[in-house]
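Analysis of the macromolecular model
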Amino acid sequence: MIKSLKAQNSELADVSNELRILSSKTPTGFEEDAFASKLRGSGLYPLHPTSIDTLQINVGKMCNQTCKHCHVDAGPDRKEIMTRETMEHCLDVLKNNSFKVVDMTGGAPEMNPNFRWFVEEIRKIDQAINIIVRCNLTIIVANPSYHDLPDFFKRHRIEVVSSLPYFTAMRTDSQRGEGVFEKSIRALKMLNDVGYGIQDSGLILNLVYNPSGAFLPGDQKALEMEFKKKLKEPYNIVFNQLFAITNLPISRFLDYLIRSGNFDDYMDKLISSYNPAAAASVMCRNMISVGWDGNLYDCDFNQMLELQVETTGQHISQWSTEDLTAREIQINQHCFGCTAGAGSSCGGATS
Amino acid sequence: MKTYYDPADLKNFGKIGDFQKKLADKFFDYYGETFKEGALTAREKSLIALAVAHTIQCPYCIDAYTVDTMEKGCDEEMMMEAVHVAAAIRSGASLVHSVQMMNKYKELSM
């Protein structure tokens, strides 16, 4: 198993180095290539939220996989996970405010020992809220204690969002690890068996496609059609929607870009593909991301770069909807990943 | 080292309009329209372009349509099969001319 950048003591495990490398893409004289300048040109700078309807909670960096592109630098060697006390703060915020979506991510969120308790408590607070779990699929078949996850998800009407970078083993395994495709297919069958992804079941199973290399995702609808065809024929697997997500140049994907000599070209591609319509609908305008330690961020990417929200209270225990809605969103060159082409968010294309 | 082909030139393709705008505009309009989803999908068109790029052996086009087919979700097997289609037509075109050679051979032989 590959080690995380942190366990390897990589230079890129230090966010100040990541930010320095990203900033090097705005050399003096090319200021029009700075993300802030692009936003200014679109009348969006400084960037402010529209409203906050999504609480994305990263319950920990622990994961059973070590994907090559992971922006969290997650893996089995990462021990940072959210405590029950921090989850209780999240529950207080959910009780006292109105959200449409709670989006749980990681790592593998299911590996947090308090995961099931947390989901049950969220459901008790709000019967209607859409609870998303970003499930890496292989966790379901990792060991017998996880085999009942599909039933658990069903019982609490969870929307399952799962990564499957491609419909063949070769490309999936090259990104996510040896054997991941076969395990993912088994897990998808288990989800389908309890009704997930089946028309009119009300149980939503969405897949995430992200390119396994230094290129951008193509048209989301066309890719969805292809995935549906290629998963239906040999495997009899069905799902609802495909979210095409662009890889952002941070953490392990940044490491890959630099090592493979693709960093400059990839950044140029992101910058030249800037789309003002996608910029207007970036996900950070309607969400707050909570870190495993309770700190608040504009999105999961800013969380990994340790760019905290620019408000007085920066921890979930100090939540203020008013302050958070009035804040200026922190930006840097990695943000070009969300505004390239058709745009990208945790829910796929944005324009 | 100086070479005739520089990969960075591909990014400047749009600048051909600096020397002749009207014709460049017409070309890029036509190009854009051709590659839109139609009776053929954008993905099928991209694979055709990849195959043709190998036939005309244009390094810019090979780079551009390798990226484009990958973005459109094609895998290495599909891409190589497309190139084999181009190669098969090329070799077939040579071989079918051998009928002419055979005809001439027979004409000249006792």
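1. A few points about the sheet that holds strand E3 (residues 130-135) of chain A
Residue and element names in this part refer to chain A. Taken together, the eight strands give an open sheet; going across it, the order is E6-E5-E4-E3-E2-E1-E7-E8, and neighbouring strands pair in mixed fashion. Strands at the two margins of the open sheet, each flanked by one partner only, are strand E6 (242-244) and strand E8 (296-297). Pairing of strand E7 (residues 287-290) with E8 involves two bridges; the strand directions are antiparallel. Across the sheet, valine 290 pairs through a bridge with leucine 296, a residue of E8. Contacting strand E5 (205-209) and E6, helix H9 (residues 220-235) runs over the sheet at an angle of about 135° to E6.

2. Quick notes on the environment of valine 290 of chain A
All names here are of chain A. For valine 290, the position within the fold is in strand E7. We classify valine 290 as buried; it has 28 C-beta atoms within 10 Å. In this structure the C-alpha to C-alpha distance between valine 290 and threonine 350, which are 60 residues apart in sequence, comes to 22 Å. Filtering out sequence-adjacent residues up to four positions away, valine 290 remains in contact with Leu55, Gln56, Ile57, Asn58, Cys90, Leu296 and Ile316.

3. Comments concerning the interface of chain B and chain A
A common way to state how big an interface is: give the accessible area lost once the parts meet. Each side of the interface is counted separately: chain B has nine residues, and chain A has eleven residues. Of all the secondary-structure elements, those providing two or more residues to the side of chain B that touches chain A are helix H2 (42-55) and helix H3 (59-71) of chain B. Across the side of chain B that touches chain A, the residue classes tally to three nonpolar, two polar and four charged.

4. Points about the pairing of E5 of chain A
Residue and element names in this part refer to chain A. Counting buried residues along E5, four of its five residues qualify, which places the element largely inside the surrounding structure. Bridging between strand E4 (residues 158-163) and E5 involves four bridges; their strand directions are parallel. Directly across from valine 161, in E5, lies its bridge partner asparagine 206. Pairing geometry for E5 and E6, over three bridges, is parallel.

5. Examining H2 of chain B
Structurally, the α-helix is built with 3.6 residues per turn, so residues lying three or four positions apart point the same way. Residues and elements named next belong to chain B. If you check H2, its first and last C-alpha atoms are 20 Å apart, about what 14 residues at 1.5 Å a residue would give, namely 20 Å. Listed as buried for H2 are Arg43, Ser46, Leu47, Leu50, Ala51 and Ala53. Down the axis of H2, the smallest arc covering the buried residues is 155°, so these residues share one side. At the exit of H2 stands glutamine 57, carrying a positive phi of roughly 50°.

6. Concerning the pairing of E4 of chain A
In regular strands, side chains alternate between the two faces of the sheet. Residue and element names in this part refer to chain A. The element E4 is largely enclosed, with a buried count of five among its six residues. When E3 meets E4, the two strands line up parallel, connected through five bridges. What sits directly across from isoleucine 131, in E4, is isoleucine 158.

7. What to know about the packing of H2 of chain B against H3 of chain B
All names here are of chain B. Look at H2 against H3: their axes get within 9 Å of each other, and the N-to-C directions meet at 155°. In this view, H2 runs roughly antiparallel relative to H3, as classed from their interaxial angle. Seen along the crossing, H2 lies across H3 with a hand that is left-handed. Residues Ser46, Leu47, Ala49, Leu50, Ala53 and His54 of H2 lie in contact with H3, whose contacting residues are Cys61, Ile62, Tyr65, Thr66, Asp68 and Thr69. Its residues assigned to classes, the contact of H2 with H3 shows seven nonpolar, four polar and one charged.

8. Details of the environment of phenylalanine 115 of chain A
All names here are of chain A. Mapped onto the fold, phenylalanine 115 is located in helix H4 (residues 115-125). Taking C-alpha positions, phenylalanine 115 is 13 Å from isoleucine 158, a pair spaced 43 residues apart along the chain. When residues no more than four places from it in sequence are discounted, the contact partners of phenylalanine 115 are Val59, Pro109 and Glu110.

9. Quick word on the packing of H2 of chain B against helix H4 (residues 76-96) of chain B
All names here are of chain B. Relative orientation of the contacting elements H2 and H4 amounts to 50°, with a least axis distance of 8 Å. With respect to each other, H2 and H4 are oriented oblique. With respect to the hand of their crossing, H2 and H4 are arranged in right-handed fashion. Contact residues: Leu47, Leu50, Ala51, Val52, His54 and Thr55 in H2; Met78, Met79, Ala82, Val83, Val85, Ala86 and Arg90 in H4. The class makeup of the residues in the contact of H2 with H4 is ten nonpolar, two polar and one charged.

10. Some details on the confidence of the model for chain B
Confidence along chain B averages 95 in pLDDT terms, with 100% of residues attaining 70 or more. For this predicted complex, the interface score ipTM comes out at 0.79, alongside a pTM of 0.91.

Conventions adopted
- Residues numbered from 1 in each chain as written.
- Chains lettered and ligands numbered in written order.
- Predicted model: local features only at pLDDT ≥ 70, side-chain atom pairs only at ≥ 80, totals over all residues.
- Pairing = 2+ DSSP bridges.
- Helix = DSSP H or I, 4+ residues; strand = E, 2+ residues; numbered from the N terminus.
- Contact = placed C-beta atoms within 7 Å.
- Axes fitted to C-alpha atoms, helices over the stretch in contact; angles between N-to-C directions.
- Buried ≥ 20, exposed ≤ 12 C-beta atoms within 10 Å, placed from the backbone.
- Nonpolar A, V, L, I, M, F, W, Y, C, P; charged D, E, K, R; others polar.
- Expected span 1.5 Å × (residues − 1).
- Arc of directions from axis to C-beta.
- Parallel < 35°, antiparallel > 145°, perpendicular 65-115°, else oblique.
- Left-handed = near helix turned anticlockwise from the far one by under 90°.
- pLDDT = per-residue confidence, 0-100.

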